Amino acid sequence: MKKIVGIICFYFFTLSLFAVTGIKGTIVDAGDQSPLDYVNVALFKQGVKKPITGVVTDTNGTFFIPTVENGNYTLQISYVGYATINQSIAIVGKPINIGTIKLEEDSKKLGEVEVVGQGSQMHFDIDKKVFSVDQNIAAAGGSASDVLKNIPSVTVDNQGNVSLRKDGNVEVWINGKASGLTADNRAQVLQQMPAESIESIEIMTNPSAKYSPEGSAGIINIVMKQQHKAGYYGSVSAGVTYPDGGKLGENLGASINYSSSKVDAYLNLGYRAMSFQGGGKTNRYNYIGKDTTLLNQSYSSLMAFSGLFLRAGFDYHLDKKNTLSLSGFGMAGSGIQNSSTHNLLSENLYNNSTILRNYIQDNTGTGTRPSLNLNFDYRHNFDKKGTFLTGSASYSSHNRGGNTIYAQADSITNAKSNITQIADSKNTEWDFKLDYTNKLSETSKLEAGWESTLSNRLSTSSGVDNLHLIYLSNSLISNSLISHPTDIPSYYDNFNYNEQIHAGYLTYGNKIDKLTFQLGLRGELFMKESTNTTKIGNSQTDTVQLIPQKTFFHIFPSFYLSYSLPNDAELQFNYSNRVNRPRGNQINPYRNFADSTNITYGNPDLAPQYSSSLELNYIKTWEAQTLSASLYYHNTDNVIENVRFLHNGMMENTFLNIAKSLNTGLELISKNRLFKILSLTSTLNMYYSKLDSATYVNPYNPAITTPIPGQSNFSWSANIMANFMLSKTFSGQITAEYESPELIAQGTENAKYSVDFGIRQTFMDRKLSVSLNVRDLLNSDRHNQTTSGSGFTQNSSSYFHGRMIGLSVSYNFGNMKPKPADMKKQGTVPDLNMEGGD
């Protein structure tokens, strides 16, 4: 009996030493005594800089921190615009109720936060880099494309195509979802999306298995603004932009947000009308036997568009555990694109040069591009520890339609042509997703989910010969020739493409002392099928080509390691397997005759390209500086490249799986705050590219093969963004970018550079702001390429628009007291930081 009593006493004595209890309390405003929700409450062990856990207050201002071991702690309570409170707490085996804490407003601190928030902010998570752009001055009045141009390692070319670390196989998401954006439509969507509607840009070069493996370069996630402030808050804006050689453009915007304990709602409207003047030239040498011909081509273009952008959504909190959300965005607009090209073809260049053709081609096009994206989301919180279930259903539709007239006249042969080409595309997508997150402990987390995506892409095109001549017979005129528009059978094409992706994933993350890790596995079943309907020769009869269904199953593993080093340093290592599946113009066999000297078409036999990516990151933080060094390695099979070749004297372009590629590099990102008025974000990316040799098989005669030699080169790029604040109301921004010559398929692209500049003055306690910016200040954003192949060498230069000067004005109204974003902020990809947040 004595032994039993002794064991029981020893048990309770031991339990008291390692007792686990909790802390609770309530936070209110010291002025009106109203409860404050979303207040940050962090718990620190005394003498330790990083919090061991953290929570936010609920709508009643209360919080609860469970499972706290015995010991001495510091409870830190912080809220933007209020003075921070640090309270010492001793846990000795029983729950603690700290009662009601009253927070005093701190206008000085609020002002300091606003000063620090100017310009592009940057912070790192275990799986992504986050750049805050809501105060981007150089892009004020611009588009999402202009914002992306100022993000380190992101490149936007003169056609609006986006690449990450010089790799164009990148996915662009909106609020954590693909939203139906593809390589064929995202340039138009990003050019229409107002820059003022964007909160931040998240760069994920190695996303975990939780996310789609599409895009071998990674994912760029555009996080849209959704304010969380008590009551209502909004803004209105207006601006004008003048591009060199173009016409004056305008932009208008308005937003309204409302937040309460039950409802969070927002509405954004934006209108943009722009006009761009572009141009370029091409010199192509064709080698046919002993003869050489030279094609000199110069062109100018004018592109103009106008459209409306609408975004709206609301969150309805059924109770503390359940939330329903409905959100979406839509675009409606039209545009024109006119170009004039002068072609001069000569032969016998070195002896008695002869002009064979001298003709001008005028292209006049009009088009529309309506888009719609709808999202329905549900979230259920099982507990306050972080275990929850989310479900979503998304629908997107991106359509493009247009007519283009190609008129051509040759002064040598007197030949004329006038053809109207009609092209329409309709892309629809349904996405269903279910995600479960289980916070197993304060340091460990399990995630599992399922995602199904159903897509259809329909492209139709036809052509009309406007100069077709027929005989007209009547009583007055006998056998007279007149012009009668007639369909051109060879221009007809109907390409219908369907695909399904079904995926399941599982990830597990934990933190053991200074080591944080996450393991993930994703399996995807990919199915695709398509039909292509054409008319052969002069026949009006449809010829249907059925491209059989193809099914692929692939496993995509990922893992992340993060180790905390002394003195605020961190070492990260991660791996992921990615895929780039060919779609759109890459696989559509329709032959585009927009440029009669350069015909383009897709290849329906393209196979997916798979890549493996490894990264080693080192992050070091000082009081006013941050340094990130990333060493990365990408190995890709079945590389998809655009290949050029001559056929009957005409240049043709298509896509082929040609070889393997290897890309490795070092990316350095530095953030420095100097002299209290200047902050710099600098990026240096040095990379080595290698493309293995391959063999090109002539599609017209498979017996003819041409070797494509292997290529390799070293190149680099640099970007620096300087944000300066000369007073609390006057700030500015300068962005400069340089890209060295780089390797492309069958050639190289020359170096290019650009500089953007902007200033902003605020009035009326920062409610009113006026911004002036100049994009491409030096008028230097030009793309120059040199390519060669069997029987030709070509040099080309092009630009989309010249220097642009913009002036914009915005006014904020409503509740100006900021409130930190809550953990459920729409659009952000959940971080894996086990320290309780940034």
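Rules used in this analysis
- Residues numbered from 1 in each chain as written.
- Predicted model: local features only at pLDDT ≥ 70, side-chain atom pairs only at ≥ 80, totals over all residues.
- Heavy atoms only, no water.
- Helix = DSSP H or I, 4+ residues; strand = E, 2+ residues; numbered from the N terminus.
- Buried < 20%, exposed > 50% of the residue type's maximum accessible area, 1.4 Å probe, protein only.
- Contact = heavy atoms within 4.5 Å.
- Pairing = 2+ DSSP bridges.
- Axes fitted to C-alpha atoms, helices over the stretch in contact; angles between N-to-C directions.
- pLDDT = per-residue confidence, 0-100.
- Phe/Tyr/Trp six-rings, centres within 6.5 Å; stacked < 30°, edge-to-face > 60°.
- Lys NZ or Arg CZ within 6 Å of the ring centre and 35° of its normal.
- Patch = residues over 30% accessible without salt bridge, like charges linked within 9 Å, V, L, I, M, F, W, Y side chains within 5 Å.
- Areas by Shrake-Rupley, 256 points an atom, 1.4 Å probe, with all protein chains shown as cover.
- Salt bridge = Lys/Arg side-chain N within 4 Å of Asp/Glu carboxyl O.
- Core = buried A, V, L, I, M, F, W, Y, C linked by side-chain atoms within 4.5 Å.
- Polar contact = N/O pair within 3.5 Å; in protein donor to acceptor, adjacent residues only side chain to side chain.
- 1 Å grid on protein atoms, 1.4 Å probe; cavity = no way out; pocket = protein on both sides within 12 Å on 5 of 7 lines; lining within 4 Å.
- Points joined across faces, edges and corners; volume = space filled by probe spheres on them.
- Nonpolar A, V, L, I, M, F, W, Y, C, P; charged D, E, K, R; others polar.

A. Expanded view of the overall build of the chain. If you tally the helices and strands in the chain, you get 4 helices and 47 strands. Out of the 838 residues in the chain, the part that is buried amounts to 49%. Within the chain, contacts between residues at least 6 apart in sequence are counted, and of these 67% link residues at least 24 apart.

B. Representation of the pairing of strand E5 (residues 71-78). As defined by bridge partners, strand E2 (residues 40-45) adjoins E5 across 6 bridges and the pair is classed as antiparallel. When the sheet's bridge partners are listed, Leu43 is paired in E5 with Leu75. Bridge count for E5 against strand E6 (residues 85-91) is 7 bridges, and the pairing is antiparallel. Bridge pairing in E6 links Gln76 to Asn86.

C. Region of interest: the sheet that holds strand E3 (residues 53-56). Across the sheet, 4 strands lie side by side as E3-E2-E5-E6; this open sheet has antiparallel pairing. Whereas interior strands pair on both sides, the edge strands pair on one side only; in this sheet they are E3 and E6. On average, each strand axis in the sheet is inclined to that of its neighbour by 25°, with strand direction left out of account.

D. Representation of the confidence of the model for the chain in the model. Confidence along the chain averages 81 in pLDDT terms, with 85% of residues attaining 70 or more. Predicted confidence is poor over residues 107-120, with pLDDT under 50, and the contacts of this stretch with residues over four places away or in other chains come to 25 contacts. Here residues 818-838 scores under 50 on pLDDT; set against residues more than four positions off or in separate chains, the count is 67 contacts.

E. Main features of the packing of aromatic side chains. The tally for this structure, following the rule as stated, stands at 12 aromatic pairs. Centre to centre, the rings of Trp430 and Phe432 are 6.0 Å apart; their planes meet at 5°, and the pair counts as stacked. Since its relative accessible area comes to 38%, Phe432 is described here as partly exposed. Here the aromatic cluster, defined as three or more aromatic residues joined through ring pairs, consists of Tyr395, Trp430 and Phe432. Positioned above the aromatic ring of Tyr632 is the side chain of Arg165, whose terminal nitrogen or guanidinium carbon lies 4.3 Å from the ring centre.

F. Summary view of a nonpolar patch on the surface. On the surface, Tyr232, Ile256, Tyr258, Leu267, Leu269, Leu308 and Leu310 cluster together into a nonpolar patch covering about 610 Å² of accessible area. Those elements giving two or more residues to the nonpolar patch turn out to be strand E16 (249-259), strand E17 (263-288) and strand E18 (291-317). Checked against the element boundaries, Leu308 lands in strand E18. For Leu308, a relative accessible area of 42% gives the class partly exposed.

G. Here's a closer look at the nonpolar core. Counting 33 residues, the largest nonpolar core has Val162, Ile198 and Ile201 as its most contacted members. In this structure Val162 touches Leu148, Val154, Thr155, Val156, Gly168, Val170, Val172, Arg186, Leu190 and Ile220, once residues within four positions along its chain are discounted. One finds Val41, Tyr73, Tyr79 and Ile91 within the second-largest nonpolar core, a separate group that totals 20 residues.

H. Quick look at the side chain of Glu499. Relative to the helices and strands, Glu499 resides in strand E28 (residues 493-512). Among the polar contacts listed, one links the side chain of Glu499 to the side chain of Tyr497, at a separation of 2.8 Å. A distance of 2.9 Å separates the side chain of Glu499 from the side chain of Arg583, its partner in a polar contact.

I. Quick peek at the side chain of Asn773. Structurally, Asn773 is set in strand E44 (residues 768-775). Under the relative-accessibility criterion, Asn773 is labelled buried at 1%. At 3.4 Å, the side chain of Asn773 and the side chain of Arg775 are in polar contact.

J. How the structure looks around the pattern of salt bridges. Evaluated as defined, the whole model comprises 15 salt bridges. The partner of Arg583 in a salt bridge is Glu214, with the nearest N and O atoms 2.8 Å apart. Of this pair, Arg583 sits in the loop between strand E31 (569-580) and strand E32 (598-600) while Glu214 is found in the loop between strand E13 (198-204) and strand E14 (218-224), placing the two residues 369 residues apart along the sequence.

K. Focus on the environment of Tyr73. In this fold, Tyr73 is placed in strand E5. Measuring from C-alpha to C-alpha, the distance between Tyr73 and Pro51 comes to 10.0 Å, with 22 residues separating the pair along the chain. If we ignore the near neighbours within four places in the chain, the residues touching Tyr73 are Leu43, Phe44, Lys45, Gln46, Ile52, Val68, Gln87, Ser88, Ile89 and Ile91. Within polar-contact distance, the side chain of Tyr73 engages the backbone oxygen of Glu69 at 2.7 Å.

L. Region of interest: empty space enclosed by the protein. One pass over the structure, following the stated rule, counts 13 cavities of 30 Å³ or more. Considered as a void within the structure, the second largest cavity measures approximately 280 Å³ in volume. Lining of the second largest cavity is provided by 22 residues; of these, Lys149, Val156, Glu737, Ser754 and Asp781 occupy positions nearest its centre. Residue assignment for the lining of the second largest cavity shows that the elements contributing at least two residues are helix H3 (144-149), strand E10 (154-156), strand E40 (730-739) and strand E43 (752-763). For the lining of the second largest cavity, the per-class residue count stands at 6 nonpolar, 7 polar and 9 charged.

M. Representation of unusual backbone geometry within the structure. At Asp568, a position not held by glycine, the phi torsion is positive, near 55°. Looking at where Asp568 falls in the secondary structure, it is placed in the loop between strand E30 (542-565) and E31. For Asp568, a relative accessible area of 40% corresponds to the partly exposed category. Positive phi outside glycine occurs at Met764, with the angle close to 55°.

N. Broad picture of the environment of Gly710. With respect to the helices and strands, Gly710 occurs in the loop between strand E38 (705-708) and strand E39 (711-725). Sequence separation of Gly710 and Lys690 is 20 residues, and the distance between their C-alpha atoms is 7.6 Å. Beyond its immediate chain neighbours, meaning those up to four positions away, Gly710 contacts Leu691, Asp692 and Ser693.

O. A look at the environment of Phe517. For Phe517, the location among the structural elements is in strand E29 (residues 515-535). In this structure the C-alpha to C-alpha distance between Phe517 and Ser444, which are 73 residues apart in sequence, comes to 9.4 Å. Discounting chain neighbours no more than four positions away, the residues touching Phe517 are Tyr508, Gly509, Asn510, Ile512, Tyr560 and Leu561.

P. Inspection of the pairing of strand E12 (residues 170-174) at higher detail. With 5 of 5 residues buried, E12 is to be regarded as a mostly interior element. Of the two faces of E12, the one lined by Val170, Val172 and Ile174 and the one lined by Glu171 and Trp173 are each fully buried. With 5 bridges joining them, E12 and E14 adopt parallel strand pairing. If you follow Glu171 over to E14, its bridge partner there is Ile219.

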